[in-house]
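One-letter residues, chain by chain:
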Amino acid sequence: MEEEDDVADAIRSFVNHFIPSLREAETLDQAEEVLRNAEETDENFHRLEFVTMLNSKIEKDLSVLLDREVERQKLTEKPVDVQGQLQDRIVASILKSPAYGELRKSILTSTKDAAEYLATNYVDEEVETQKSSDRHGSKHWMSSRKTGGGTQYSFSEESSVGSSYNHSGYGFLGRDYFHQVISGMDAKNSLEVRKKAMQDLLRINPADILEEVQAPLKSALFDSLSDPDNSISEKALKYIMRLLSNSGVSLTKSIFLAFMEHISVQFNARKTRLPAIRDGLSVDNYHHSIMLVKIRLMRDFMLQVSKYWIRYPSERLMEEIVKATVEMLSSKANSPPGSPEILSPVHFLALIDPKAVWFKTWIHGAFSRNQLMQLFAKHRSMVEGAVKSCHDFYAKRVAVKDPVEEASKQKLTPRTSVEVTYKARHLEFAYFIHSVHVLSHVLRFKKGRELFPIKQKGGDDITIEKLLVNLLQFVVQPISHKDSVPLEKAEFNPSELVKAMFRRLAAEEIPLAICLCNNHIASILLEPVMSWMEYSNGNSTSPTLPSQSTMLDVADILSVFCSSDRGKRFLLQVNLDCSVVYPSAGKSSAGKSTMKPCQILCDFTIRALRGDFNCGGLDVKVNRVVIESFLYVCRQMYSNHEEFREMNCSELSSAASQAWQDSLRDVDLAVTPTPDNDSSTARGGGESSRPGGLSESQSNEEFKWQQILVDNMLNFSANPRGLLLLLQTGALKECSQHMFSRYSKKLQVSKCEKFGYGVLVSKISACAAGMNALLECGFLSLFVSECWANLECSPDDRKVTQPYSYPVESIDGFCMKSFNSLLNVIGSFPAVFETFHGVKLSTKQNFSFREPPGSLPEFINRLVFVENKDKLHSLFNEDQSHTFGLRIMNAICCCLDSMLLIQSQYGLTKTLLDCQKANKLEKGSGYILDMPTVERNHLLVRTNLLGGYSERSLPKRNCSIDISDYSHPVFHQLPVPAAYSPTNNKAYNKVATCDLSKFMTSTKTWQHDDKWLQKCAANLVTSLSAKANIKGSLVPDVLEKVLEARCAVIPEWFCNDSSDVKDSEVNSEELPPMQKQAAHLLLQYGQYLKLLAGGKEEENHLLQTLKRSRVMLRSQMVVVPKGDSSTESKFVNQSSGYPGADWFVGVMYLMFMGDQKRCWTFLKLFAKSMDSCVLWPARSFLYKGLPKTVTGTGMEPLMYCVGNNIDRIVELELPHVASAFRMSGYSAALISQHWLRQCFLNFFNWNDIVHFMLLCVISGVDYQVYTCVAVLNHLSRKILHQSNQQTLVIFLKEEPFTGFKLSDYLDYIRDLHTKYSHSIIADIRSSFGGTSTSFYSKQSAHKR
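Residues numbered from 1 in each chain as written. Predicted model: local features only at pLDDT ≥ 70, side-chain atom pairs only at ≥ 80, totals over all residues. Heavy atoms only, no water.

### Considering the pattern of salt bridges
Part 1 of the reasoning: Per the counting criterion, the structure on display carries 42 salt bridges.
Part 2 of the reasoning: Note that E776 and K733 form a salt bridge whose closest N and O atoms lie 3.5 Å from each other. Of this pair, E776 sits in helix α39 (residues 768-777) while K733 sits in helix α37 (residues 732-744), placing them 43 residues apart in sequence.
Part 3 of the reasoning: Judged by its relative accessible area of 29%, K733 is partly exposed.
Part 4 of the reasoning: R1114 serves as the salt-bridge partner of E1069, at 2.7 Å between the closest nitrogen and oxygen. On the criterion of sequence distance, the pair formed by E1069 in the loop between α52 (1063-1068) and α53 (1073-1088) and R1114 in helix α54 (residues 1096-1115) is long-range, its members being 45 residues apart.
Part 5 of the reasoning: By relative accessible area, which is 27% here, R1114 ends up partly exposed.
Part 6 of the reasoning: Three or more residues are tied together by salt bridges with common partners; here these are E496, K499, R503, D553 and D556. (Salt bridge = Lys/Arg side-chain N within 4 Å of Asp/Glu carboxyl O. Helix = DSSP H or I, 4+ residues; strand = E, 2+ residues; numbered from the N terminus. Buried < 20%, exposed > 50% of the residue type's maximum accessible area, 1.4 Å probe, protein only.)

### So, the nonpolar core
When a protein is soluble and globular, its nonpolar side chains tend to lie buried together.
Part 1 of the reasoning: F859 and W1246 are the most contacted members of the largest nonpolar core, which has 385 residues in total.
Part 2 of the reasoning: Ranked by residue count, the leading element in this core is helix α14 (residues 286-305), at 12 residues.
Part 3 of the reasoning: Ranked by size, the runner-up nonpolar core spans 17 residues in total, among them V7, A38, V51 and A114. (Core = buried A, V, L, I, M, F, W, Y, C linked by side-chain atoms within 4.5 Å.)

### Quick notes on the side chain of N861
Part 1 of the reasoning: Relative to the elements of secondary structure, N861 occurs in helix α43 (residues 856-863).
Part 2 of the reasoning: N861 gets classed as buried once you look at its relative accessible area, which sits at 4%.
Part 3 of the reasoning: With residues near it in sequence (within four places) discarded, N861 still touches L841, S842 and K871. (Contact = heavy atoms within 4.5 Å.)

### Overview of the confidence of the model for the protein chain
Regions with low pLDDT should not have their predicted coordinates read in detail.
Part 1 of the reasoning: With 82% of its residues at a pLDDT of 70 or more, the protein chain has an overall mean of 82.
Part 2 of the reasoning: Here strand β1 (residues 143-147) is the element of the protein chain with the lowest mean pLDDT, 35, and helix α64 (residues 1263-1274) is the one with the highest, 96.
Part 3 of the reasoning: Confidence drops under pLDDT 50 across residues 674-692; counting only partners more than four residues distant or on other chains, this segment forms 15 contacts.
Part 4 of the reasoning: Predicted confidence is poor over residues 804-808, with pLDDT under 50, and the contacts of this stretch with residues over four places away or in other chains come to 8 contacts. (pLDDT = per-residue confidence, 0-100.)

### Considering helix α41 (residues 816-825)
Part 1 of the reasoning: Taking burial as the measure, the 10 residues of α41 include 9 buried ones, the bulk of the element.
Part 2 of the reasoning: Among all positions in α41, only M816, S818, F819, N820, S821, L822, L823, N824 and V825 are buried.

### What to know about the environment of I1324
Part 1 of the reasoning: With respect to the helices, strands and loops of the structure, I1324 is situated in helix α67 (residues 1306-1328).
Part 2 of the reasoning: The buried category is assigned to I1324, whose relative accessible area is 4%.
Part 3 of the reasoning: It is 9.5 Å that separates the C-alpha atoms of I1324 and V1261, two residues lying 63 residues apart in sequence.

### Regarding the packing of aromatic side chains
The geometry of an aromatic ring pair is captured by the separation of the ring centres together with the interplanar angle, meaning the angle of the planes.
Part 1 of the reasoning: Overall, the coordinates contain 47 aromatic pairs when judged by the stated rule.
Part 2 of the reasoning: Centre to centre, the rings of F432 and F474 are 5.5 Å apart; their planes meet at 50 degrees, and the pair counts as tilted. Taken together, the residues F432 in helix α21 (residues 424-442) and F474 in helix α23 (residues 464-476) connect sequence positions 42 residues apart.
Part 3 of the reasoning: Residue F474 is classed as buried on the basis of its relative accessible area of 1%.
Part 4 of the reasoning: Seen from their ring centres, F1240 and F1244 are 4.2 Å apart, and the 15 degrees between their planes marks the pair as stacked. In terms of burial, F1240 and F1244 fall into one category: buried. (Phe/Tyr/Trp six-rings, centres within 6.5 Å; stacked < 30°, edge-to-face > 60°.)

### Let's talk about unusual backbone geometry
Excluding glycine, most residues fall at negative phi; most peptide bonds, likewise, are trans.
Part 1 of the reasoning: Omega for the bond connecting F452 with P453 falls within 30 degrees of zero, at 5 degrees, which places this linkage in the cis form.
Part 2 of the reasoning: By the element assignment, P453 lies in the loop between α22 (446-449) and α23.
Part 3 of the reasoning: Along the chain, L974 connects to P975 via a cis peptide bond; the corresponding omega equals 5 degrees.
Part 4 of the reasoning: Structurally, P975 can be placed in the loop between α48 (931-944) and α49 (995-1002).
Part 5 of the reasoning: Look at K1090: it is not a glycine, yet its phi comes out positive at around 65 degrees.
Part 6 of the reasoning: The phi torsion at L1182 lies on the positive side, around 55 degrees, for a residue other than glycine.
Part 7 of the reasoning: Inspection of the secondary structure puts L1182 in the loop between α58 (1177-1180) and α59 (1188-1191).
Part 8 of the reasoning: Judged by its relative accessible area of 7%, L1182 falls in the buried class.

### Structural notes on the packing of helix α24 (residues 494-506) against helix α25 (residues 509-516)
Part 1 of the reasoning: Here α24 crosses α25 at 120 degrees, and the two axes come no closer than 7 Å. Side by side, α24 and α25 meet where F502, L505 and A506 of the first sit next to P511, L512 and L516 of the second.
Part 2 of the reasoning: Split by residue class, the contact of α24 with α25 holds 6 nonpolar, no polar and no charged. (Axes fitted to C-alpha atoms, helices over the stretch in contact; angles between N-to-C directions. Nonpolar A, V, L, I, M, F, W, Y, C, P; charged D, E, K, R; others polar.)

Quick look at the structure:
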């Protein structure tokens, strides 16, 4: 018998070990397969007790026989020729032996008997196991355990039976057994019988309940839940919990619906012992605690069921559960009229789930949200109760501190030794918290907002606006104890709750627009800000200022407002009635002062930065944390040019600069070691500090504050106008250093671009002072080092998706980022001038591989000027690096001024021609074609010819293995082959009949009035619309007469600067080499266009005109004192005149067809007009007529006036193009400055250049802006494509405007003029501080 028990135990252990695998088997055959292959799949198979027992028996009974058989087989004479035959013969012999047969029979018999024993005694063993569990189980009626979904409660003295798979065998309960248990649960039975029935029920696994007994079992179970005996009701509640977690969908749904009905009955029944709200809630009371447990069970199920109810649409699981829950929560206890209000289910739920997590879960998905909102519309009491709770709590405004600790941390255990009681104010506060969270989600959706207004008895209806205004008072006028609440309890503060609610609503576009974009709400939200302004203006007698936490809460809500376009637009455009009269405030129709929220916030931030708050004769400082928060709000509102115009960003940037300078001064007062201090420290053994000095921690705080201010000053300089403000503050070097430190550390730049502040670096480099600052801080050196590392030191293990073909691409994709970053910085002429002017290249010929260049001139010297083989062979990747340098040089030379500077200083053309000559074949006229040769050929043509897309043929820049594909002639000496200059069949020197020519002919005795000017502009437009070419003598005639007419009609449009130039000054003037080379190119271009006859005399006339204009402009320049921190640049300190070539004078000379006298007369008069400062770059250079604050910065009106408006209009009219520019780290203003500086030479055909100049002179210089926008519109598709290819800057600099004709876009240009002329003219007027553009104001009044 003992042996049989051992076998039974071994089999039981064996089966239990494989239960997980057996559970996964879907059929009996699969289960048998699992056991059959157990030895192969289970690594612990041979450690099992049953297997060990079998091994021991085999070893005991067959070991002797096995040894004999081995010896016998060895003595046989049969050869073993195949591996394994010996083992096979031994096994076959053993299996035929009598000993093995007896052993097999014995094992089968004992195993069969043990299996029968286990099957027979299965039920008795389970009962004994359950009794043993009862004896050692928990004596407490309710124990809690933590799960992933929260806290769950078990109620019985027995442990859970679990599923059938947890047993060592299989057993099934019959229908009779269920009926026996159900009948025993009848309330008519005695207490002992009911207890015995409940005990039996707890042993039943919910998964084993038969379908036909579910209905009677549910009825009996909920009768037991209301049993007078507490132990029975507790066990019934525990079994309900099991049913809700482990039963099927149908049974789960029916049990939960019945559970909701039971709770509703409990609240509606008169005999239920529920307290009134004013009496509080004692957790020690059994009836109260058991209700809390029921509500907690309901809440836990509500959280879990939402995870899977979408799987059962046919069972209407979600619909019926949501309906039952809402109906239960909407029920209230029946109390006599006039009696105190009884606790509702929501009060209990608020204690269990104050943050309404269940509601957030249910309303998250549309599947349940629609049903929930429909039920709320039908059963409005729950939403009405939530709104009433918020309204009543606001009316009382009681400082509640206890529920923060008790409602969140006290365990809901009814049998605790310490009595815990929630007082009435605790219950109301918990209900308020729950209501705020519910309403914050209800208002997010349209159907939720349709529930308003909420009607209340004896009062006005509560609208969404009224509700939010009341709640907002908790933020702007918080309860007095709020500041003393510890941080970990802040989530239960009313102000924090309401702030979270407003942040949630403001984060979504539609709720923000409907609920929060309201004048009343905005006025309430800005009350603390306006209170500070009132104190400062002396309009308030209240001694209390809004606290720091209040201001931070307001800033936090406003920052979410500004995160969306709708909220930002509201703050920028709406007008609020202000109780404070601001200097910049307007007047409403009612006579009240009005101001936009953005202006209020900016004024407050400016005053806070300056410390201009004087309250009752005392200076009050705003905390820096508050200032930082409001600065962040302001920088969020300012993200484009329109917002820059709406906000007072100039004052804001100035205030930030002043605060930064004040902080620098404070840091200078920090403790500095001195001999006296050191000796006193040594004698006294302590630290000495100078009175008024700063400690180390204070110095660190000052440094952090400086970094915040610098970062904000950079943000406010994101457009050309803002950059001008930054230059005027004198903080450019520090800002550049801040950018460089963040870039070198690869830090994320808040919400700006990640890569080196993106477009900001490009814009800073476009002005001379900015480029000088970038050079000093090391930006350019870093870019050069990165380029060199990628070219010469690139890793060998970088991935290659396809093998390189010959020839290689001129710019490897691995180097493209470095190429773009370098090109963005040196893309403008001031940047190139600052970098190269006066810098001599090294004459060293041999360089080691470990000798990288440290500056851009050295970089160019190593890669471009490789005039001998030793210098070329010093490059590790000769062809690729040399080609890369040529591409950089090609991009630089696209700017004519930059090309002339490199040409005049380093003889670029001579070097290129020598390199081409070295590649010439010894025999014949051919050349060795490789990538450097092709690139040099392209660069030579580009630098020695002028012309638009149909006037100059640039050779292609790639070649294939088949040389015949490259049909462009290669040359090693000038002039450029005629193949690159297409035949010109147009006669630009002859007049063509058009409306403008007819108009000029018919007005021989014209009068100087506005009408004539307007008619002239109209005829110009008509002629251009008719595709007429305005050329020949008509062009100078129109220019002269228009200028004379304007001078006579609007004399204030012209200044009184002397334009007389003495011949002696002209004769003694020596033109810079750049000007001479420019004159040579213009003369060559004029001959090609047949506008100039050519020859030495023509060249002298052009040079004389350039000399006269240079002498005249220099006489009107302001002398910039050296040493000024904002003007330490080579570009600005050019006292001899404009550093670049005067392309405007050259183009005018061609338009006057070489008539030196007429051209000079026009230039002399045009220079007196203020428009010349915008259209004529050399005219505006250090011009004394410009504001002194602008002249010292070296920034040109072409950038901060024209470029700023181009950027603004592109953002409004071509947002996709603006995005492409921003992603490429460039801007429309920068490329437009490039085009306008050289009067569109090499980009427009000549006739379009003439039309452009006529438009600007006749119709106004604002047409510069519209023309550039029209060009970008024409190139928009290509811009998007090139942006994706990361070649946008290269494309815009190198490619002419193929297919562009100004006449085709005339209607578009006129539409832009209609929209934006007023604002652009006002901007020009403000830029020069005069009324020079009054003519444009008159002209804009006559809309065609």
